[in-house]
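# Understanding the architecture of this molecule
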Amino acid sequence: MSLLIVGATGTLGRQITRHALDRELKVKCLVRNSQKAGFLKEWGADLIVGNLTKPDTIEKAMEGVTQVIDAATTRATDALRIKEVDWTGKVSLIQAAEKANVEKFVFFSILNAEKYPNVPLMDIKHCTEKFLAQTKLNYTILRPCGFMQGLIGQYAIPILENQTVWITGETSPIAYMNTQDIAKFAIAALALEPAKRQTYAIAGPKTWSPSEIVRLCERLSGRTARTANMPIGLLRFVRNVTSAFEWGWSISERMAFSEVLASGIPLAADMDETCQIFGIDTAELTTLESYLQEYFARILRKLKELDYKETKVKAPF
Ligand SMILES: NC(=O)c1ccc[n+]([C@@H]2O[C@H](COP(=O)([O-])OP(=O)(O)OC[C@H]3O[C@@H](n4cnc5c(N)ncnc54)[C@H](OP(=O)(O)O)[C@@H]3O)[C@@H](O)[C@H]2O)c1
C-alpha cells in the first residue's frame, strides 16, 4: 500500500502528510520544489518532483501507488491560472489515477460549490466532482468551507502588530475547521467502505462572522483591534477592473469569492452523521476558541520571553 499526496506542502496537505505518517502509512508526496518540501522528507515521506500541469510527471508519480489524496490548489501567489491547475491539472491527475487502477482517490472540493457557477474556483470544483463521478474510481469527496489556520494571517497577526484588520461587514458566517481535524477525515476515508463514491460536507462546530472573530481575538490577546470596513461592492468593483488585464486574472478569479461572502448563505454543516460514519467523535473537533487561545498563549509567551531577554541584554549588570 502506498499513498500519494498531492499538495503536501500546503496548509491542509502537510497536516494530512503528518497524520498519515503518524499512522505509519507509506507516503509519497508529489512536490514542485524538493528543497521547499525538505521538511516532508525529514518527517519520513518520499518525494517525487512533479507538477499538475505536466501530465508525464503525474504518470511517473503514480508508479506503485494504491491510494491518492489530492489537497492541491492554485497558489494565490502563482502566475498559473486556476483553470490550468484546478481543472486541466486535476483532470490529468484523475485520469492517471484511473489508468494506474488506484484503489482510492480522495478529492477536496468546497462546500456549496454547485451554488456558485459564476465563481471560477467553485465552478471548477463542482465540474471536477462531476468528472470524478463519470470515472470508475473509488473516490470520496470532502467539502470543507474554511480553515482556522487562515485566520491567523487575517486577524491574529494584524491585531498583535497593531495593524488594520480589514473586514467585509456582516457577510456569510463560516464554520471554520482546524486542518488537523480535516486530515483525520481524509485518512479515515481511505479505508472506509461506506465512503465509496460519496461526498461529505466537512465543517467546524460553529459559524463565525468577521466581527465575532475580531471580538474573540481581542478577548484572547488582551489587545484592541483596529478594524476597517471593506465594502463588498468595492471588492466586486476591483474584481471587475482587474479581470480586464491578463496580470489580474488570477487576482480577480480569487476575488470572485466576494460573491460567496456577499450571498449571506452560511457556510456550515451538521457533522453528527458524518462524524459517526467516519468514527470521529464530534467532541474531538477543535473549537475556534481553543484554537486561537492556544495560538495567542504561545505567541504572547514567546513575546514575553523575548522582552525579558532584551531587558537582560540592556541591563548594565
Ligand atoms: N483554504 C481554505 O480555506 C479551503 C476551503 C475549502 C476547501 N479548500 C481546498 O482544500 C485543499 C487544500 O487547500 P490549502 O488551502 O491547504 O492549499 P494551499 O495551502 O494553497 O496549498 C496548495 C498546494 O498545492 C500545491 N500546488 C499548487 N499548484 C501546483 C501544481 N501546479 N502542481 C502540483 N502542486 C501544486 C502547492 O505546492 P507548492 O508548495 O509547490 O506551491 C501546495 O502544496 C484545496 O483543494 C482547496 O481548494 C481550501
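Anyway, here's the lowdown on the structure attached to this text. (Residues numbered from 1 in each chain as written. Predicted model: local features only at pLDDT ≥ 70, side-chain atom pairs only at ≥ 80, totals over all residues.)

What follows deals with the overall build of the protein. Helix and strand counts for the protein come out as 13 helices and nine strands. Relative to the globule expectation of 20 Å for 317 residues, the C-alpha radius of gyration of the protein, 21 Å, shows essentially globular dimensions. Once the C-alpha set of the protein is aligned to its principal axes, its extents read approximately 65 × 50 × 40 Å. Scored against the burial criterion, the 317 residues of the protein give a buried share of 39%. (Helix = DSSP H or I, 4+ residues; strand = E, 2+ residues; numbered from the N terminus. Rg over C-alpha atoms; globule rule 2.2 N^0.38 Å. Buried ≥ 20, exposed ≤ 12 C-beta atoms within 10 Å, placed from the backbone.)

Bringing the site of the ligand into the picture now. Not every one of the 28 residues close to the ligand is listed here, only the nearest: Gly7, Thr9, Gly10, Leu12 and Ala72. Elements with a contribution of two residues or more to the shell around the ligand: α1 (11-22) and α4 (82-99). Per element, the largest residue contribution to the shell around the ligand is three residues, and it comes from α1. (Near = placed C-beta within 6 Å.)

Viewed as axis vectors pointing N to C, α4 and helix α5 (residues 120-133) meet at an angle of 10°, and their least axial separation amounts to 10 Å. Judged by the angle between their axes, α4 and α5 are roughly parallel. Across the interface between the two elements, Ile82, Lys83, Asp86, Trp87, Lys90, Val91 and Ile94 from α4 touch Pro120, Leu121, Ile124, Cys127, Thr128, Phe131 and Leu132 from α5. Classifying every residue of the contact of α4 with α5 by side-chain character gives ten nonpolar, one polar and three charged. (Axes fitted to C-alpha atoms, helices over the stretch in contact; angles between N-to-C directions. Parallel < 35°, antiparallel > 145°, perpendicular 65-115°, else oblique. Contact = placed C-beta atoms within 7 Å. Nonpolar A, V, L, I, M, F, W, Y, C, P; charged D, E, K, R; others polar.)

This brings us to unusual backbone geometry. Of note in the backbone geometry, Asn101 takes a positive phi value of approximately 55° without being a glycine. Inspection of the secondary structure puts Asn101 in the loop between α4 and β5 (104-108). Positive phi, close to 55°, is recorded for Asn162, a residue that is not glycine. Counting through the fold element by element, Asn162 comes out in the loop between α6 (150-160) and β7 (164-167). Judged by local crowding, Asn162 falls into the exposed class, with 10 C-beta atoms found within 10 Å.

The sheet built from seven strands is open, its strands ordered β3-β2-β1-β4-β5-β6-β8 with parallel pairing. This sheet does not close on itself; its edge strands, each paired only once, are β3 (46-49) and β8 (198-202). When the angles between neighbouring strand axes are averaged without regard to direction, this sheet yields 20°. As paired strands, strand β4 (residues 67-70) and β5 are joined by four bridges and run parallel to one another. Counted as the bridge partner of Asp70 is Phe107 from β5. Contacts between α4 and the sheet are confined to β1 (3-6), β4 and β5, with β4 contributing the most and set at about 170° to the helix. (Pairing = 2+ DSSP bridges.)

Glancing now at α4. The first and last C-alpha atoms of α4 sit 25 Å apart over 18 residues, in line with the 26 Å expected at 1.5 Å per residue. Along α4, the largest kink reaches about 30° and is centred on Gly89. Listed as buried for α4 are Ile82, Val85, Asp86, Trp87, Gly89, Lys90, Leu93, Ile94, Ala96 and Ala97. Count one or two residues on from α4 and you reach Asn101, which has phi positive near 55°. (Expected span 1.5 Å × (residues − 1). Bend = angle between axes of the 7 residues up to and from the residue.)

This part covers the nonpolar core. Core analysis: the largest hydrophobic core is formed by 88 residues, its most contacted members being Ile5 and Ala186. Among residues more than four places away in sequence, those in contact with Ala186 are Ile16, Ile69, Val106 and Leu142. (Core = buried A, V, L, I, M, F, W, Y, C linked by C-beta atoms within 7 Å.)

At a minimum axis distance of 10 Å, the contact between α6 and helix α8 (residues 210-221) shows a crossing angle of 45°. As the angle between them shows, α6 and α8 are arranged oblique. As for the relative orientation of α6 and α8, their crossing is right-handed in sense. Residues Leu151, Tyr155, Ala156, Ile159 and Leu160 of α6 lie in contact with α8, whose contacting residues are Ile213, Val214, Cys217 and Ser221. For the contact of α6 with α8, the class distribution of residues is eight nonpolar, one polar and no charged. (Left-handed = near helix turned anticlockwise from the far one by under 90°.)

Along the polypeptide, Ala71 turns up in the loop between β4 and α4. Since 25 C-beta atoms lie within 10 Å of it, Ala71 is described here as buried. Expressed as a C-alpha distance, the spacing of Ala71 and Asp272, which sit 201 residues apart in the sequence, is 24 Å.

A separate point is the pairing of strand β2 (residues 27-31). Buried residues dominate β2, accounting for five of its five residues. What you see with β2 is no split at all: Val27, Cys29 and Val31 on one side and Lys28 and Leu30 on the other are buried throughout. In terms of strand pairing, β1 meets β2 through four bridges, oriented parallel. Bridge assignment links Ile5 to a residue of β2, and that residue is Cys29.

Turning to helix α7 (residues 179-190), a few remarks are in order. Compared with an ideal rise of 1.5 Å per residue, which puts twelve residues at 16 Å, α7 spans 17 Å between its outermost C-alpha atoms and is within 8% of the ideal. Counting buried positions over the twelve residues of α7 gives nine, a clear majority of the element. Residues Thr179, Asp181, Ile182, Ala183, Phe185, Ala186, Ile187, Ala189 and Leu190 constitute the buried set of α7. The inward-facing, buried residues of α7 contact α1, β4, β5, β6 (139-144), β8 and α12 (272-278).

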